Amino acid sequence: MWKRELLKNKLYAIAIIFLGALSIPIEWDVTFFLFAVLVGVVLFFEKENWIV
């Protein structure tokens, strides 16, 4: 399952993806959303802690 120390990584990843999804109706452009998904997915599945 998930390690407790990596929970902050997962919360930040979900927040980044959510903020990227909020930018779509504002600008009608998915460029920032794609970059947010790339960073969010890598952060979500990372095995070491990136958020201090």
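Refer to the structure presented above.
Since the model is a prediction, treat every value here as computed from it, not as a measurement.

Quick notes on the overall build of the protein
Inference 1: Counting its regular elements, the protein contains two helices and zero strands.
Inference 2: Seen through its principal axes, the protein has C-alpha atoms that stretch 35 × 20 × 15 Å.
Inference 3: Out of the 52 residues belonging to the protein, those deemed buried represent 21%.
Inference 4: A total accessible area of about 4,400 Å² is found for the protein, and carbon and sulfur atoms account for 73% of it.

Points about unusual backbone geometry
Inference 1: The residue W28 is not glycine, and still its phi comes out positive at about 55°.
Inference 2: Locating W28 in the fold gives a position in the loop between α1 (7-27) and α2 (31-45).
Inference 3: Among the residues examined, W28 registers a relative accessible area of 70% and is labelled exposed.

Some details on the packing of aromatic side chains
Inference 1: If you walk through the whole model with that rule in mind, you get one aromatic pair.
Inference 2: Relative to F45, the ring of F44 lies with its centre 5.1 Å away and its plane at 80°, an arrangement referred to as edge-to-face.

So, the side chain of S23
Inference 1: Locating S23 in the fold gives a position in helix α1.
Inference 2: S23 sits in the buried class, given a relative accessible area of 10%.
Inference 3: Discounting residues that sit within four places of it in the chain, S23 has contacts with W28, D29, F32 and F33.

Conventions and cut-offs
Residues numbered from 1 in each chain as written. Predicted model: local features only at pLDDT ≥ 70, side-chain atom pairs only at ≥ 80, totals over all residues. Heavy atoms only, no water. Helix = DSSP H or I, 4+ residues; strand = E, 2+ residues; numbered from the N terminus. Buried < 20%, exposed > 50% of the residue type's maximum accessible area, 1.4 Å probe, protein only. Areas by Shrake-Rupley, 256 points an atom, 1.4 Å probe, with all protein chains shown as cover. Phe/Tyr/Trp six-rings, centres within 6.5 Å; stacked < 30°, edge-to-face > 60°. Contact = heavy atoms within 4.5 Å.

Purely geometric numbers; function is a separate question.
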